Structures are given as structure tokens and as C-alpha cells.
Amino acid sequence: MAVCEILKIGDEKLYQQSQPVVEFNTLELEQLVADLYDTMLAEDGAGLAAPQIGILKQVVIFGGKKTLRYPDVEDIPLTILINPKIDILSEQTEDYWEGCLSIPGMRGLVSRPSDICYSGYNQFGEAIKRKVNGFHARVVQHECDHLNGILYSMKTQQIKSLE
Ligand code: NI
């Protein structure tokens, strides 16, 4: 368990495809989840994906305690999501000024589908399936993009500095 260094925009590992997890409930996976949790908490993130700490596995974490980075959003249950799949449930999209721990000090206006169903597994191999909208849907889509080598900066024309 450790707080890990978060790779920043420009690092080649952030642009690669992550591999599915094939074995659940292992010490290795438990350690990865603990590292993601510790690092997300230390950086006050809304979520974190394994490639952001240099591990090209399809594992993301999000939710838990409210983050000061996004003070006005709803609570999201702390979730470990492995080998995720996302189905878009409506044509409706929403714009939001999104941030990323790999792009410090910046926000970008990103349009995303507002209603999704996501599914996958937790670290014990138990199935997860949820229909969500709003910030919850946004965070899941943002984190899952990381698993496909996509940063929000590739999906926006409008980026601003927070300073
Ligand atoms: Ni991010």
C-alpha cells in the first residue's frame, strides 16, 4: 500500500490500451486496489485509473468521500470497477468542466452522454451493474477512457487554467 506517483499528460503509458484482469481475488490485485485508493485519497481525486499509476490493467476506482475538487456534486459510492463495459442509454449529452489528476491545474469543457449503464467486477470477481446519470456517469466515463488511452484533453476544444 502506498501513495504512488501519478503520470502526467505526455507520458506514453497514458495513451496505451490497458489489458483485462484475468484473475480476481489475488494479492497482486489487492495491492493495486490499495495503491489506487491511497493515491486517490492523497490527491483528493474523484477517481483514478490504473494506467495513471503506470499499471496497464483495466482497473478504476472512484467515489467515496466527497472531493474538494468538485464540491457541488452528488455522493458516489466508493467503487472498484474492473474490466468495465459502458452502454449509453440515451442520446442526451451534458457539458461539464472536467479535471484530471494527470492534467494538473486545468479544466476542460467535455460533452458526454448523460445516461449510462456500466458493468464490470470488483476485486473479488463479483459482478457490478448500475444505471447512473449526472456526475456519477461522467466520472465512470472519464476513468474508463483512461483504460483506452484517452485523456479528456483529446475530447475538448476548451481548456482553462484553474490558477
Ligand atoms: Ni483522469
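From a predicted model like this one, the values you see are computed outputs, not experimental measurements.

Caption draft 1: Focus on the overall build of the protein chain. For the protein chain, the count of helices and strands is two helices and eight strands. For the protein chain, the α and β elements follow one another from N to C terminus as α-β-β-β-β-β-β-β-α-β. In summary, the protein chain has a C-alpha radius of gyration of 15 Å against a globular reference of 15 Å for 163 residues, a match within 12%. Dimensions of the protein chain, computed from C-alpha atoms along their principal axes, come out at roughly 40 × 35 × 30 Å. Evaluated residue by residue, the protein chain yields a buried proportion of 48% over its 163 residues. Pairs at least 24 apart in sequence give 66% of the contacts found in the protein chain among residues at least 6 apart. Within the structure as shown, the protein chain displays about 8500 Å² of accessible surface, and the carbon and sulfur contribution to it stands at 50%.

Caption draft 2: Representation of the sheet that holds strand S4 (residues 93–98). Taken together, the three strands give an open sheet; going across it, the order is S4-S5-S8, and neighbouring strands pair in antiparallel fashion. One side of each edge strand has no neighbouring strand; the edge strands of this open sheet are S4 and strand S8 (159–161). Along the sheet, successive strands turn relative to each other by an average axial angle of 25°, direction set aside. With respect to the sheet, helix H2 (residues 134–147) is in contact with S4 and strand S5 (106–113), its orientation differing from that of S4 by roughly 70°.

Caption draft 3: Representation of the coordination of the nickel ion within the structure. Within the protein, the atoms that donate to the nickel ion are Cys100 (SG), His142 (NE2) and His146 (NE2), at distances of 2.1 to 2.3 Å. On the primary sequence, the residues serving as donors to the nickel ion are separated as C-x41-H-x3-H. Separated by 42 residues along the polypeptide, Cys100 in the loop between S4 and S5 and His142 in helix H2 bring together distant segments of the chain.

Caption draft 4: Up close: the packing of aromatic side chains. All chains considered together, the criterion is met by five aromatic pairs. Ring geometry for Tyr70 versus Phe135: centroids 5.1 Å apart, planes at 50°, classification tilted. Highlighted residues: Tyr70 in the loop between strand S2 (59–62) and strand S3 (79–88) and Phe135 in helix H2, separated in sequence by 65 residues. What makes Tyr70 buried here is its relative accessible area of 6%.

Caption draft 5: View of a nonpolar patch on the surface. A contiguous nonpolar surface patch, about 290 Å² in accessible area, is contributed by Ile9, Tyr15 and Met154. Relative to the helices and strands, Met154 is located in the loop between H2 and S8.

Caption draft 6: Main features of the pairing of strand S7 (residues 127–133). Across seven bridges, the pairing between strand S6 (residues 115–121) and S7 is antiparallel. Each bridged residue has a counterpart across the sheet, and for Ile116 the counterpart in S7 is Val132. Counted between consecutive antiparallel strands, the loop separating S6 from S7 contains five residues, among which Gly125 sits at a positive phi close to 85°.

Caption draft 7: Quick look at the pattern of salt bridges. As enumerated under the stated definition, the model contains five salt bridges in all. Across the pair Arg112 and Asp145 runs a salt bridge, and its minimum N-O distance is 2.9 Å. Of this pair, Arg112 sits in strand S5 while Asp145 is found in helix H2, placing the two residues 33 residues apart along the sequence. Note on accessibility: Arg112 and Asp145 belong to one class, buried. Here Lys155 and Asp145 are joined by a salt bridge, their closest N and O atoms 2.8 Å apart. Placement of Lys155 in the loop between H2 and S8 and of Asp145 in helix H2 is noted, with a sequence separation of ten residues between them. The structure contains a network of salt bridges with shared partners spanning Glu98, Arg112, Arg138, Asp145 and Lys155.

Cut-offs and rules
Residues numbered from 1 in each chain as written. Predicted model: local features only at pLDDT ≥ 70, side-chain atom pairs only at ≥ 80, totals over all residues. Heavy atoms only, no water. Helix = DSSP H or I, 4+ residues; strand = E, 2+ residues; numbered from the N terminus. Rg over C-alpha atoms; globule rule 2.2 N^0.38 Å. Buried < 20%, exposed > 50% of the residue type's maximum accessible area, 1.4 Å probe, protein only. Contact = heavy atoms within 4.5 Å. Areas by Shrake-Rupley, 256 points an atom, 1.4 Å probe, with all protein chains shown as cover. Pairing = 2+ DSSP bridges. Axes fitted to C-alpha atoms, helices over the stretch in contact; angles between N-to-C directions. Donors = N, O, S within 2.8 Å, 3.2 Å for Na, K, Ca; no water. Phe/Tyr/Trp six-rings, centres within 6.5 Å; stacked < 30°, edge-to-face > 60°. Patch = residues over 30% accessible without salt bridge, like charges linked within 9 Å, V, L, I, M, F, W, Y side chains within 5 Å. Salt bridge = Lys/Arg side-chain N within 4 Å of Asp/Glu carboxyl O.

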